[in-house]
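Secondary and tertiary structure notes
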Amino acid sequence: MSTRRSSVREDPLDGVKRMLHDRLLSRMDARQLGAAKPSERRLRVREEALAILREERHILPSEALSRVVNEVSDRVVGLGAIEPLLRDPEVSEVMVNGADDVYVERKGRVEKAVDGLFEGEEAVYRVIERIVGPLGLRVDESCPYVDARLPDGSRVHVILPPLSLCGPVLTIRKFSFLPYAPRGLVAMGTISPRAMAFLAACVRGRANIVISGGASSGKTTVLNVLGSFIPDGERLITIEDAAELRLGKPHVVGLEARPPNVEGRGEITVRDLVRNALRMRPDRIIVGEVRGGEALDMLQAMNTGHEGSLSTAHANSPRHALWRLETMALMSDVDLPLLHLREQIAAAVDVVVHMARLPDGRRVAFHVASVDGMHEGRPVVTEVFSFQPRAGRDGRFEATGAVPKVVSMLRARGEDIPDALFRQGPEPPETAADEETVSR
(Lines give C-alpha, C1' and ligand atoms only; values in the text may rest on other atoms or scores of the structure.)
Protein backbone atom coordinates (compact mmCIF):
# COMPACT_ATOMS: atom_id res chain seq x y z
CA MET A 1 0.00 0.00 0.00
CA SER A 2 1.38 3.40 -0.97
CA THR A 3 2.41 6.02 1.56
CA ARG A 4 0.08 8.51 -0.13
CA ARG A 5 -2.92 6.23 0.37
CA SER A 6 -2.05 5.68 4.05
CA SER A 7 -1.72 9.40 4.67
CA VAL A 8 -5.12 9.99 3.10
CA ARG A 9 -6.77 7.43 5.35
CA GLU A 10 -5.13 8.93 8.45
CA ASP A 11 -6.51 12.40 7.69
CA PRO A 12 -7.86 13.66 11.04
CA LEU A 13 -10.84 15.18 9.22
CA ASP A 14 -11.99 11.82 7.82
CA GLY A 15 -14.28 11.30 10.80
CA VAL A 16 -15.89 14.70 10.29
CA LYS A 17 -16.37 13.96 6.59
CA ARG A 18 -18.01 10.59 7.28
CA MET A 19 -20.33 12.07 9.88
CA LEU A 20 -21.25 14.95 7.62
CA HIS A 21 -21.86 12.67 4.67
CA ASP A 22 -24.14 10.32 6.67
CA ARG A 23 -26.12 13.18 8.23
CA LEU A 24 -26.63 14.86 4.87
CA LEU A 25 -27.98 11.66 3.33
CA SER A 26 -30.39 11.18 6.23
CA ARG A 27 -31.62 14.77 6.31
CA MET A 28 -31.97 15.67 2.64
CA ASP A 29 -34.76 14.43 0.36
CA ALA A 30 -33.05 12.63 -2.53
CA ARG A 31 -36.00 13.14 -4.90
CA GLN A 32 -36.26 16.86 -4.30
CA LEU A 33 -32.50 17.17 -4.58
CA GLY A 34 -32.50 15.27 -7.88
CA ALA A 35 -35.19 17.53 -9.32
CA ALA A 36 -33.24 20.72 -8.60
CA LYS A 37 -30.76 22.32 -10.99
CA PRO A 38 -27.12 21.23 -10.50
CA SER A 39 -26.04 24.63 -9.15
CA GLU A 40 -29.02 24.73 -6.78
CA ARG A 41 -28.35 21.15 -5.58
CA ARG A 42 -24.79 22.01 -4.63
CA LEU A 43 -25.91 25.22 -2.86
CA ARG A 44 -28.51 23.32 -0.81
CA VAL A 45 -25.97 20.69 0.20
CA ARG A 46 -23.40 23.30 1.21
CA GLU A 47 -25.93 25.21 3.32
CA GLU A 48 -27.12 22.03 5.03
CA ALA A 49 -23.53 20.88 5.61
CA LEU A 50 -22.63 24.16 7.31
CA ALA A 51 -25.78 23.90 9.47
CA ILE A 52 -24.81 20.37 10.58
CA LEU A 53 -21.28 21.47 11.47
CA ARG A 54 -22.70 24.29 13.60
CA GLU A 55 -25.06 21.90 15.36
CA GLU A 56 -22.22 19.49 16.08
CA ARG A 57 -20.05 22.39 17.24
CA HIS A 58 -17.22 21.52 14.89
CA ILE A 59 -15.01 24.59 14.74
CA LEU A 60 -12.59 24.32 11.82
CA PRO A 61 -10.13 26.76 10.27
CA SER A 62 -11.59 28.38 7.16
CA GLU A 63 -9.35 26.43 4.78
CA ALA A 64 -10.19 23.08 6.39
CA LEU A 65 -13.88 23.99 6.55
CA SER A 66 -13.95 24.79 2.84
CA ARG A 67 -12.13 21.56 1.99
CA VAL A 68 -14.46 19.39 4.09
CA VAL A 69 -17.64 20.97 2.72
CA ASN A 70 -16.42 20.80 -0.89
CA GLU A 71 -15.32 17.16 -0.65
CA VAL A 72 -18.55 16.06 0.99
CA SER A 73 -20.61 18.06 -1.52
CA ASP A 74 -18.75 16.28 -4.33
CA ARG A 75 -19.67 12.93 -2.77
CA VAL A 76 -23.33 13.84 -2.26
CA VAL A 77 -24.20 15.67 -5.50
CA GLY A 78 -21.07 15.38 -7.66
CA LEU A 79 -18.91 12.52 -8.84
CA GLY A 80 -16.98 12.09 -5.64
CA ALA A 81 -13.22 11.82 -5.74
CA ILE A 82 -12.91 12.52 -9.47
CA GLU A 83 -14.96 15.74 -9.37
CA PRO A 84 -11.82 17.93 -8.96
CA LEU A 85 -10.23 16.19 -11.95
CA LEU A 86 -13.27 16.93 -14.08
CA ARG A 87 -13.10 20.58 -13.05
CA ASP A 88 -9.42 20.83 -13.98
CA PRO A 89 -9.31 22.65 -17.36
CA GLU A 90 -6.03 20.95 -18.29
CA VAL A 91 -7.50 17.44 -17.92
CA SER A 92 -9.18 16.10 -21.07
CA GLU A 93 -9.81 12.50 -19.96
CA VAL A 94 -10.18 10.66 -16.66
CA MET A 95 -9.48 6.91 -16.53
CA VAL A 96 -10.39 4.92 -13.41
CA ASN A 97 -8.90 1.40 -13.60
CA GLY A 98 -10.37 0.11 -10.36
CA ALA A 99 -10.30 1.90 -7.02
CA ASP A 100 -6.51 2.14 -6.65
CA ASP A 101 -5.42 3.10 -10.16
CA VAL A 102 -6.56 6.43 -11.63
CA TYR A 103 -4.99 8.16 -14.63
CA VAL A 104 -5.71 11.41 -16.46
CA GLU A 105 -4.81 12.82 -19.84
CA ARG A 106 -3.37 16.29 -19.34
CA LYS A 107 -2.21 18.36 -22.31
CA GLY A 108 -2.20 15.25 -24.52
CA ARG A 109 -0.14 13.09 -22.14
CA VAL A 110 -1.40 10.34 -19.87
CA GLU A 111 -0.22 10.57 -16.28
CA LYS A 112 -1.11 8.91 -13.00
CA ALA A 113 -3.36 10.81 -10.62
CA VAL A 114 -2.65 10.93 -6.89
CA ASP A 115 -3.20 7.69 -4.97
CA GLY A 116 -6.03 7.19 -2.53
CA LEU A 117 -8.77 8.99 -4.45
CA PHE A 118 -11.26 6.19 -3.75
CA GLU A 119 -11.71 4.45 -0.39
CA GLY A 120 -12.60 1.22 -2.17
CA GLU A 121 -14.50 -0.30 -5.06
CA GLU A 122 -17.85 0.62 -3.51
CA ALA A 123 -16.94 4.28 -3.94
CA VAL A 124 -16.31 3.69 -7.66
CA TYR A 125 -19.62 1.85 -8.00
CA ARG A 126 -21.44 4.77 -6.33
CA VAL A 127 -19.97 7.19 -8.88
CA ILE A 128 -20.98 4.89 -11.73
CA GLU A 129 -24.53 4.59 -10.41
CA ARG A 130 -24.76 8.36 -10.04
CA ILE A 131 -23.89 8.68 -13.74
CA VAL A 132 -26.06 5.96 -15.30
CA GLY A 133 -29.02 5.97 -12.85
CA PRO A 134 -30.60 9.28 -13.92
CA LEU A 135 -30.29 8.24 -17.57
CA GLY A 136 -32.40 5.12 -17.08
CA LEU A 137 -29.45 2.87 -17.88
CA ARG A 138 -28.29 -0.23 -16.08
CA VAL A 139 -24.84 -1.66 -15.61
CA ASP A 140 -24.34 -4.84 -13.55
CA GLU A 141 -23.15 -8.43 -13.95
CA SER A 142 -25.89 -9.20 -16.48
CA CYS A 143 -25.08 -6.07 -18.52
CA PRO A 144 -21.47 -5.27 -17.57
CA TYR A 145 -20.76 -2.33 -19.89
CA VAL A 146 -22.53 0.86 -20.89
CA ASP A 147 -21.98 4.15 -22.74
CA ALA A 148 -23.43 7.30 -21.22
CA ARG A 149 -23.10 11.06 -21.26
CA LEU A 150 -22.79 13.58 -18.45
CA PRO A 151 -25.09 16.64 -18.44
CA ASP A 152 -22.23 18.80 -19.74
CA GLY A 153 -21.78 16.53 -22.77
CA SER A 154 -18.76 14.58 -21.52
CA ARG A 155 -18.66 11.00 -22.83
CA VAL A 156 -18.63 8.11 -20.34
CA HIS A 157 -17.83 4.43 -20.76
CA VAL A 158 -18.16 1.85 -17.98
CA ILE A 159 -17.11 -1.80 -17.96
CA LEU A 160 -17.36 -4.05 -14.92
CA PRO A 161 -16.08 -7.42 -13.72
CA PRO A 162 -16.06 -10.19 -14.87
CA LEU A 163 -15.21 -8.52 -18.19
CA SER A 164 -12.77 -6.21 -16.44
CA LEU A 165 -10.05 -7.99 -14.48
CA CYS A 166 -9.03 -4.96 -12.40
CA GLY A 167 -12.38 -3.98 -10.92
CA PRO A 168 -14.85 -1.38 -12.19
CA VAL A 169 -13.36 0.69 -15.02
CA LEU A 170 -14.71 4.17 -15.70
CA THR A 171 -13.49 6.34 -18.60
CA ILE A 172 -14.70 9.92 -19.02
CA ARG A 173 -13.82 11.98 -22.10
CA LYS A 174 -14.44 15.57 -21.07
CA PHE A 175 -16.44 17.92 -23.22
CA SER A 176 -14.70 21.16 -24.13
CA PHE A 177 -16.82 24.31 -23.82
CA LEU A 178 -14.24 26.39 -25.71
CA PRO A 179 -14.19 25.14 -29.32
CA TYR A 180 -11.03 25.65 -31.33
CA ALA A 181 -10.95 28.15 -34.18
CA PRO A 182 -9.08 27.48 -37.45
CA ARG A 183 -6.31 29.91 -36.52
CA GLY A 184 -6.04 28.19 -33.14
CA LEU A 185 -5.28 24.82 -34.75
CA VAL A 186 -2.68 26.43 -37.01
CA ALA A 187 -1.06 28.25 -34.08
CA MET A 188 -0.84 25.00 -32.08
CA GLY A 189 0.91 23.25 -34.96
CA THR A 190 -1.98 20.84 -35.56
CA ILE A 191 -2.26 21.69 -39.24
CA SER A 192 -0.42 23.87 -41.74
CA PRO A 193 -1.91 27.16 -43.02
CA ARG A 194 -1.96 25.93 -46.61
CA ALA A 195 -3.67 22.66 -45.69
CA MET A 196 -6.24 24.58 -43.64
CA ALA A 197 -6.86 26.97 -46.54
CA PHE A 198 -7.35 24.01 -48.88
CA LEU A 199 -9.77 22.27 -46.51
CA ALA A 200 -11.70 25.51 -45.96
CA ALA A 201 -12.20 25.74 -49.73
CA CYS A 202 -13.27 22.08 -49.80
CA VAL A 203 -15.94 22.70 -47.16
CA ARG A 204 -17.24 25.87 -48.78
CA GLY A 205 -17.19 24.15 -52.18
CA ARG A 206 -19.17 21.17 -50.82
CA ALA A 207 -16.51 18.48 -51.21
CA ASN A 208 -17.09 15.31 -49.15
CA ILE A 209 -14.48 14.92 -46.40
CA VAL A 210 -13.62 11.96 -44.16
CA ILE A 211 -11.41 12.56 -41.12
CA SER A 212 -9.55 9.43 -40.06
CA GLY A 213 -7.23 8.57 -37.19
CA GLY A 214 -6.85 6.59 -34.01
CA ALA A 215 -8.57 7.11 -30.68
CA SER A 216 -8.02 10.57 -29.16
CA SER A 217 -6.15 11.79 -32.24
CA GLY A 218 -8.22 14.96 -32.66
CA LYS A 219 -10.76 13.81 -35.27
CA THR A 220 -13.79 15.42 -33.63
CA THR A 221 -11.89 18.64 -32.92
CA VAL A 222 -10.94 18.98 -36.59
CA LEU A 223 -14.49 18.12 -37.66
CA ASN A 224 -15.84 20.92 -35.44
CA VAL A 225 -13.31 23.37 -36.88
CA LEU A 226 -14.05 22.43 -40.50
CA GLY A 227 -17.74 22.83 -39.76
CA SER A 228 -17.11 26.51 -39.04
CA PHE A 229 -16.53 27.06 -42.78
CA ILE A 230 -20.06 25.92 -43.71
CA PRO A 231 -22.21 28.87 -44.84
CA ASP A 232 -24.76 29.95 -42.23
CA GLY A 233 -27.76 29.54 -44.54
CA GLU A 234 -27.47 25.74 -44.83
CA ARG A 235 -29.53 23.16 -42.95
CA LEU A 236 -27.23 20.70 -41.19
CA ILE A 237 -28.19 17.31 -39.76
CA THR A 238 -25.62 15.93 -37.32
CA ILE A 239 -25.72 12.26 -36.38
CA GLU A 240 -23.68 10.91 -33.48
CA ASP A 241 -23.41 7.90 -31.26
CA ALA A 242 -22.66 10.27 -28.35
CA ALA A 243 -23.21 13.98 -28.99
CA GLU A 244 -19.91 15.88 -29.12
CA LEU A 245 -20.21 18.22 -32.09
CA ARG A 246 -20.68 21.93 -31.48
CA LEU A 247 -20.79 23.57 -34.89
CA GLY A 248 -22.00 27.01 -33.83
CA LYS A 249 -24.28 27.31 -36.86
CA PRO A 250 -27.84 28.71 -36.80
CA HIS A 251 -29.64 25.81 -38.51
CA VAL A 252 -28.46 22.55 -36.96
CA VAL A 253 -30.60 19.51 -36.15
CA GLY A 254 -28.66 17.20 -33.83
CA LEU A 255 -29.57 13.51 -33.72
CA GLU A 256 -28.11 11.07 -31.19
CA ALA A 257 -28.29 7.28 -31.22
CA ARG A 258 -29.96 5.54 -28.30
CA PRO A 259 -28.85 2.30 -26.64
CA PRO A 260 -31.41 -0.34 -25.63
CA ASN A 261 -33.14 0.13 -22.27
CA VAL A 262 -32.92 -2.26 -19.32
CA GLU A 263 -35.38 -4.62 -21.07
CA GLY A 264 -33.19 -4.65 -24.18
CA ARG A 265 -35.65 -2.61 -26.24
CA GLY A 266 -35.79 0.79 -27.84
CA GLU A 267 -32.37 0.87 -29.50
CA ILE A 268 -31.93 3.49 -32.24
CA THR A 269 -28.75 3.03 -34.24
CA VAL A 270 -26.68 5.54 -36.19
CA ARG A 271 -27.84 3.80 -39.35
CA ASP A 272 -31.49 4.39 -38.38
CA LEU A 273 -30.69 8.08 -37.93
CA VAL A 274 -28.87 8.36 -41.27
CA ARG A 275 -31.92 6.97 -43.03
CA ASN A 276 -34.19 9.40 -41.17
CA ALA A 277 -31.87 12.32 -41.93
CA LEU A 278 -32.31 11.74 -45.68
CA ARG A 279 -36.02 12.57 -45.23
CA MET A 280 -35.36 15.80 -43.34
CA ARG A 281 -34.28 17.99 -46.29
CA PRO A 282 -30.63 18.30 -45.24
CA ASP A 283 -28.16 20.49 -47.09
CA ARG A 284 -25.40 18.48 -45.43
CA ILE A 285 -25.28 15.34 -43.31
CA ILE A 286 -22.50 15.21 -40.72
CA VAL A 287 -21.90 11.81 -39.13
CA GLY A 288 -19.78 12.07 -35.98
CA GLU A 289 -18.26 8.63 -36.50
CA VAL A 290 -18.96 5.87 -39.01
CA ARG A 291 -18.72 2.45 -37.37
CA GLY A 292 -20.91 0.00 -39.26
CA GLY A 293 -23.49 -0.53 -41.98
CA GLU A 294 -24.43 3.15 -41.96
CA ALA A 295 -21.32 3.68 -44.11
CA LEU A 296 -23.25 2.44 -47.15
CA ASP A 297 -26.17 4.80 -46.50
CA MET A 298 -23.75 7.68 -46.09
CA LEU A 299 -21.94 6.84 -49.34
CA GLN A 300 -25.22 6.62 -51.22
CA ALA A 301 -26.30 9.97 -49.76
CA MET A 302 -23.02 11.56 -50.90
CA ASN A 303 -23.59 10.17 -54.39
CA THR A 304 -27.22 11.31 -54.66
CA GLY A 305 -27.02 15.06 -54.11
CA HIS A 306 -26.06 15.43 -50.44
CA GLU A 307 -22.64 16.88 -51.17
CA GLY A 308 -20.44 18.56 -48.61
CA SER A 309 -20.86 15.81 -46.05
CA LEU A 310 -18.34 15.37 -43.22
CA SER A 311 -17.58 12.33 -41.12
CA THR A 312 -14.89 10.59 -39.06
CA ALA A 313 -13.67 7.00 -38.99
CA HIS A 314 -11.02 5.03 -37.14
CA ALA A 315 -8.16 4.14 -39.48
CA ASN A 316 -4.36 4.15 -39.76
CA SER A 317 -3.96 6.17 -42.99
CA PRO A 318 -6.07 7.74 -45.76
CA ARG A 319 -5.92 4.53 -47.79
CA HIS A 320 -6.89 2.47 -44.75
CA ALA A 321 -9.82 4.85 -44.20
CA LEU A 322 -11.21 3.88 -47.61
CA TRP A 323 -10.65 0.20 -46.82
CA ARG A 324 -12.51 0.71 -43.53
CA LEU A 325 -15.42 2.33 -45.36
CA GLU A 326 -15.45 -0.63 -47.71
CA THR A 327 -15.51 -3.11 -44.83
CA MET A 328 -18.21 -1.21 -42.95
CA ALA A 329 -20.39 -0.88 -46.06
CA LEU A 330 -20.16 -4.67 -46.50
CA MET A 331 -21.62 -4.99 -42.98
CA SER A 332 -24.94 -3.62 -44.27
CA ASP A 333 -27.81 -5.81 -45.39
CA VAL A 334 -27.30 -4.85 -49.06
CA ASP A 335 -25.29 -7.31 -51.14
CA LEU A 336 -23.20 -5.22 -53.55
CA PRO A 337 -20.40 -6.39 -55.85
CA LEU A 338 -17.05 -5.29 -54.43
CA LEU A 339 -16.07 -3.37 -57.57
CA HIS A 340 -19.33 -1.43 -57.52
CA LEU A 341 -18.79 -0.59 -53.84
CA ARG A 342 -15.28 0.68 -54.52
CA GLU A 343 -16.62 2.82 -57.35
CA GLN A 344 -19.15 4.31 -54.94
CA ILE A 345 -16.39 5.12 -52.43
CA ALA A 346 -14.19 6.70 -55.11
CA ALA A 347 -17.10 8.78 -56.39
CA ALA A 348 -18.34 9.83 -52.95
CA VAL A 349 -15.20 10.72 -50.96
CA ASP A 350 -13.20 13.69 -52.20
CA VAL A 351 -10.69 14.29 -49.39
CA VAL A 352 -9.33 12.32 -46.43
CA VAL A 353 -7.68 14.10 -43.49
CA HIS A 354 -5.67 11.69 -41.35
CA MET A 355 -4.98 12.73 -37.76
CA ALA A 356 -2.27 11.31 -35.48
CA ARG A 357 -1.09 11.89 -31.93
CA LEU A 358 2.66 12.33 -31.49
CA PRO A 359 4.62 10.93 -28.52
CA ASP A 360 4.64 14.37 -26.85
CA GLY A 361 0.82 14.46 -26.92
CA ARG A 362 0.49 16.88 -29.82
CA ARG A 363 -2.16 16.11 -32.44
CA VAL A 364 -1.31 16.78 -36.09
CA ALA A 365 -2.89 16.41 -39.51
CA PHE A 366 -0.39 13.75 -40.62
CA HIS A 367 -1.82 13.41 -44.12
CA VAL A 368 -4.24 15.40 -46.25
CA ALA A 369 -5.07 13.32 -49.31
CA SER A 370 -7.50 13.47 -52.21
CA VAL A 371 -9.38 10.57 -53.81
CA ASP A 372 -8.81 10.89 -57.57
CA GLY A 373 -11.02 8.30 -59.22
CA MET A 374 -10.25 4.61 -59.85
CA HIS A 375 -7.27 2.68 -61.24
CA GLU A 376 -7.17 -1.08 -61.72
CA GLY A 377 -10.28 -1.56 -59.62
CA ARG A 378 -9.14 0.50 -56.61
CA PRO A 379 -9.62 4.14 -55.53
CA VAL A 380 -6.59 6.34 -56.27
CA VAL A 381 -5.32 8.18 -53.17
CA THR A 382 -3.09 11.22 -53.80
CA GLU A 383 -1.23 12.78 -50.90
CA VAL A 384 -1.45 16.57 -51.04
CA PHE A 385 0.00 17.71 -47.68
CA SER A 386 1.96 15.71 -45.12
CA PHE A 387 3.71 16.07 -41.78
CA GLN A 388 7.38 15.09 -41.54
CA PRO A 389 7.99 14.24 -37.85
CA ARG A 390 11.80 13.98 -38.19
CA ALA A 391 12.28 17.33 -39.92
CA GLY A 392 13.66 19.76 -37.36
CA ARG A 393 12.98 19.71 -33.66
CA ASP A 394 9.16 19.82 -33.87
CA GLY A 395 8.58 18.26 -37.28
CA ARG A 396 7.47 20.10 -40.39
CA PHE A 397 4.46 20.33 -42.71
CA GLU A 398 5.12 19.97 -46.40
CA ALA A 399 3.22 20.06 -49.68
CA THR A 400 3.85 17.17 -52.06
CA GLY A 401 3.38 19.31 -55.18
CA ALA A 402 0.36 17.30 -56.35
CA VAL A 403 -2.69 19.32 -57.41
CA PRO A 404 -5.75 17.20 -56.55
CA LYS A 405 -8.53 16.64 -59.08
CA VAL A 406 -11.09 18.08 -56.66
CA VAL A 407 -9.59 21.52 -57.26
CA SER A 408 -11.22 21.80 -60.70
CA MET A 409 -14.62 21.09 -59.14
CA LEU A 410 -14.02 23.64 -56.38
CA ARG A 411 -12.98 26.31 -58.88
CA ALA A 412 -16.11 25.62 -60.92
CA ARG A 413 -18.09 26.30 -57.74
CA GLY A 414 -16.48 29.68 -57.22
CA GLU A 415 -13.53 28.89 -54.93
CA ASP A 416 -10.35 30.83 -55.65
CA ILE A 417 -7.57 28.26 -55.20
CA PRO A 418 -4.15 29.35 -56.53
CA ASP A 419 -1.73 26.70 -57.78
CA ALA A 420 0.87 28.19 -55.40
CA LEU A 421 -1.08 26.63 -52.54
CA PHE A 422 0.25 23.23 -53.63
CA ARG A 423 3.83 24.23 -54.48
CA GLN A 424 6.12 21.40 -53.39
CA GLY A 425 8.21 21.85 -50.26
CA PRO A 426 7.95 23.07 -46.68
CA GLU A 427 5.46 25.73 -45.67
CA PRO A 428 6.89 29.14 -46.63
CA PRO A 429 7.23 31.31 -43.50
CA GLU A 430 4.96 33.99 -44.91
CA THR A 431 1.97 31.64 -45.16
CA ALA A 432 2.03 31.07 -41.41
CA ALA A 433 0.93 34.69 -40.97
CA ASP A 434 -1.68 34.57 -43.71
CA GLU A 435 -4.66 34.73 -41.34
CA GLU A 436 -7.08 35.81 -44.05
CA THR A 437 -6.40 32.63 -46.06
CA VAL A 438 -7.06 30.45 -43.00
CA SER A 439 -10.08 32.20 -41.55
CA ARG A 440 -12.06 33.68 -44.41
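Scroll up a little and you will see the structure.
Residues numbered from 1 in each chain as written. Predicted model: local features only at pLDDT ≥ 70, side-chain atom pairs only at ≥ 80, totals over all residues. Heavy atoms only, no water.

**Concerning the overall build of the protein chain**
Selection rule: The way it works is that DSSP assigns letters per residue, a run of H or I at least four long becomes a helix, a run of E at least two long becomes a strand, and they are numbered from the N terminus. Note on classification: 1.4 Å probe, protein chains only; a residue is buried when its accessible area is under 20% of the maximum for its type, exposed when over 50%, partly exposed between these limits. What makes two residues a contact is simply this: any of their non-hydrogen atoms within 4.5 Å. All accessible areas in this document rest on Shrake-Rupley with a 1.4 Å probe, and a residue is counted as covered only by the protein chains that are shown.
Secondary structure assignment for the protein chain yields 16 helices and 16 strands. For the protein chain, buried positions account for 49% of its 440 residues. Contacts in the protein chain between residues far apart in sequence, at least 24 positions, make up 58% of those at least 6 positions apart. Taken as a whole, the protein chain presents about 21900 Å² of accessible surface, with 51% of it coming from carbon and sulfur.

**Examining the nonpolar core**
Here is the rule we go by: In this text, buried Ala, Val, Leu, Ile, Met, Phe, Trp, Tyr and Cys residues form a nonpolar core when linked through side-chain atoms within 4.5 Å.
If you look at the biggest cluster of nonpolar residues, it comprises 40 residues, and the most contacted ones within it are Phe198, Ile209, Leu226, Val351 and Val353. Counting residues per element, the ones that place at least two in this core are helix H8 (182–187), helix H9 (193–204), strand E7 (209–213), helix H10 (219–227), strand E12 (351–357), strand E13 (363–375), strand E14 (378–388) and helix H15 (406–412). For this core, the leading source of residues is H9, giving nine residues. The contacts of leucine 226, once residues within four sequence positions are left out, are Met196, Leu199, Val203, Ile209 and Ile211.

**Here we look at the pattern of salt bridges**
Definition in use: Any Lys or Arg side-chain nitrogen located within 4 Å of an Asp or Glu carboxyl oxygen qualifies as a salt bridge.
If you walk through the whole model with that rule in mind, you get 28 salt bridges. Across the pair arginine 173 and glutamate 93 runs a salt bridge, and its minimum N-O distance is 2.8 Å. Within this pair, whereas arginine 173 is found in strand E6 (residues 169–173), its partner glutamate 93 is found in strand E1 (residues 91–97), the two being separated by 80 residues in sequence. Three or more residues joined by partner-sharing salt bridges are found here, namely Asp88, Glu90, Arg106, Lys107 and Glu111.

**Some points on the pairing of strand E4 (residues 145–149)**
To keep things clear, this is the line we draw: Any two strands between which DSSP finds at least two bridges are classified as paired.
Burial along E4 is one-sided: the face carrying Val146 and Ala148 is buried and the face carrying Tyr145, Asp147 and Arg149 is not. Here E4 folds back onto strand E5 (residues 155–159) in antiparallel fashion, the turn holding five residues, of which glycine 153 has a positive phi close to 100°.

**A closer look at H10**
With seven of nine residues buried, H10 is to be regarded as a mostly interior element. Of the residues making up H10, those classed as buried are Lys219, Val222, Leu223, Asn224, Val225, Leu226 and Gly227. Where H10 is buried, its residues touch H8, H9, E7, strand E10 (284–287), strand E11 (310–314) and E12.

**What about helix H12 (residues 294–302)?**
Buried residues dominate H12, accounting for eight of its nine residues. Residues of H12 that are buried include every one of Glu294, Ala295, Leu296, Asp297, Met298, Leu299, Ala301 and Met302, and no others. Looking at the packing, one finds that the buried side of H12 touches helix H11 (270–277), E10, E11, helix H13 (318–330) and helix H14 (338–348).

**Let's talk about the sheet that holds E1**
Note the threshold: Fitted lines through C-alpha atoms give the axes, limited to the stretch in contact for helices. The angle between two N-to-C directions lies from 0 to 180 degrees.
Judged by pairing direction, the sheet is antiparallel, and its six strands sit side by side in the order E3-E2-E1-E6-E5-E4 without closing on themselves. Where the open sheet ends on each side, the last strands, each with one partner, are strand E3 (109–112) and E4. Neighbouring strand axes in the sheet, compared pairwise and without regard to direction, differ in orientation by 15° on average. Against the sheet, helix H7 (residues 121–132) touches E1, E4, E5 and E6, its axis set at about 50° to E6.

**Details of the environment of glutamate 93**
The line we're drawing: Polar contact criterion, stated in full: a pair of N or O atoms within 3.5 Å, where within protein one must be able to donate a hydrogen and the other to accept it, and residues adjacent in sequence count only if both atoms are side-chain atoms.
Taking relative accessible area as the criterion, glutamate 93 reaches 10% and is therefore assigned buried. Glutamate 93 sits 123 residues away from serine 216 along the chain, and the two C-alpha atoms are 9.6 Å apart. Those residues in contact with glutamate 93 that lie beyond four places of it in its chain are Tyr103, Val104, Glu105, Thr171, Ile172, Arg173 and Ser216. Within the local environment of glutamate 93, its side chain forms a polar contact with the side chain of arginine 173, the two groups lying 2.8 Å apart.

**Here we look at the side chain of arginine 363**
Note that arginine 363 resides in strand E13. Given a relative accessible area of 19%, arginine 363 falls into the buried group. A polar side-chain atom of arginine 363 sits 2.7 Å from a polar atom in the side chain of serine 216. When near neighbours in sequence (up to four residues on either side) are disregarded, arginine 363 contacts Glu105, Gly108, Gly189, Thr190, Ser216, Ser217, Gly218, Ala356 and Arg357.

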